[in-house]
Every structure is written in C-alpha cells, then in structure tokens.
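One letter stands for each residue in the lines below.
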Amino acid sequence: MLIAVFIFLVVILGLLLVSLILPGKYHLEKTAIIKKSVPDVMDKIADLRHYAAWNPWQQSDPAAIGTITGIPKTIGHKYAWEGKKVGVGSLTLRDIDKKHVHFILEFIKPFRSIASDDWLFEEWGSGETKITWSNNGELPFPIVRLMGPFLTKNLNKQFEAGLLNLKKMCEG
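Okay, so let's go over this structure. In every chain, residue numbers begin from 1 and rise along the written sequence. At least 70 in pLDDT is required for a residue's local features to be given in this predicted model, at least 80 for side-chain atom pairs to be given and counted, and no such filter applies to totals for whole chains, interfaces and linings, which use all residues. To obtain the side-chain values, all non-hydrogen atoms of the structure were included, while hydrogens and water were left out.

So, on to the pattern of salt bridges. Side chains carrying opposite charge are able to pair once their charged atoms draw close together. Whenever a carboxyl oxygen of Asp or Glu lies within 4 Å of a side-chain nitrogen of Lys or Arg, that contact is scored as a salt bridge. Applying the stated rule across the entire model yields 8 salt bridges. Between Lys 30 and Glu 160 there is a salt bridge whose closest N-O contact spans 3.2 Å. Here Lys 30, found in strand E1 (residues 25-34), pairs with Glu 160, found in helix H5 (residues 143-171); they are 130 residues apart in sequence, far enough to count as distant. Accessibility here uses a 1.4 Å probe with only protein chains present; expressed as a share of the type maximum, an area under 20% marks a residue as buried, one over 50% as exposed, and anything in between as partly exposed. By relative accessible area, Lys 30 is classed as partly exposed at 21%. Runs of E in the DSSP output that reach at least two residues are strands. Runs of H or I that reach at least four are helices, and both are numbered from the N terminus.

Structure, rendered in structure tokens:
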C-alpha cells in the first residue's frame, strides 16, 4: 500500500514538473485564399449569423443552443453557445476596421479560458481575398497546460476545416 501511494505521488509530481516546462500560452495561425472580395469574405466573419454555418467546432454539436445578440459587424456583436459537447462560451466582436476583425473568445465550461480570435483580410489578386485567422490564449497551470499539445493539434485541424468551409460558403 505504501509503495502504491509513493508511486502515485511520484506520478503526480512528474506531471506537475512536466506542466511547468510546457508553454503557458499558445498561438495558432492559418491562411487561405478565397475568390471573393474583402467585403464579401469579411461579412461572413463579422456577421455572427454565419458563424455556425462554417465553423466546424460549432457543427460538432448540432444540439447546442446558439444565441446571437447585438448589431452585426459592430463592437459588442456576440454569439453565445451552450451544448453538451461544446460546453458554454461566447465570441464577442471587440474591434473592427477595413482589414481586421478581432473577437474575444470566452469559454466558461468545461473550463474557464479567454482567447483572442483575430482575422486579417487582404486584397489578393483580382477580386480575391487572403484571410489570416489567428488565435492566441493562455494555457492555465497545470491541467490545461498538460492538454496544450492535444488542444493545439485539434485547433489546427479545426482551423483548416473552418477555412475550407468558409471558402466553400463564399465561393459557392
């Protein structure tokens, strides 16, 4: 019994030490070229009524309840959700100009987390738009930090799928 307790404590201590050396923050960034003008593409991002139609994370929980408040494309415009798979959270427009849309992404459940979700829109070629989607946030110690590599891998896949969905929606 004493050996089992000792092994358990060593494992816990090991996990805590590993979480100390893992990064406390993350940054993801993906780009895509869409054959539509900047205003057309920007509209699909800054108007959150389109969010669930292209975002694969929201699509992963069809039974989730989404609530949209505020005026589209203005500061304070918000998409809030609650679902078994996606938990509870919100995406709130915090700043917008002719080339950028910035959101505050807040998760309440299953764990509290706040991130910055940022978009850059650039004219590209003839009537095309290069979009850059980035997300930055904290990885709280110790549990979420330990989950960081898995979360980053999963988010990368979701960003790729989301940009592909957005491209299809805009060009469709």
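That was the structure; now back to the text.
Here the focus is the environment of Asp 61. Secondary-structure assignment places Asp 61 in the loop between helix H4 (56-59) and strand E2 (65-69). Along the sequence, Asp 61 and Lys 84 sit 23 residues apart, while their C-alpha atoms lie 7.4 Å from each other. Note on definitions: a residue-residue contact is assigned when non-hydrogen atoms from the two residues lie within 4.5 Å. Excluding residues that lie within four positions of it along the chain, Asp 61 makes contacts with Gly 83, Lys 84, Lys 85 and Val 86.

A word on the side chain of Asp 47. Along the chain, Asp 47 turns up in the loop between helix H2 (38-46) and helix H3 (51-54). Within the structure, the side chain of Asp 47 is placed 2.5 Å from the side chain of Arg 49, a separation counted as a polar contact. For this analysis, a polar contact is any N or O atom pair within 3.5 Å, provided that within protein one partner can donate a hydrogen and the other can accept it, and provided that sequence-adjacent residues contribute only side-chain to side-chain pairs.

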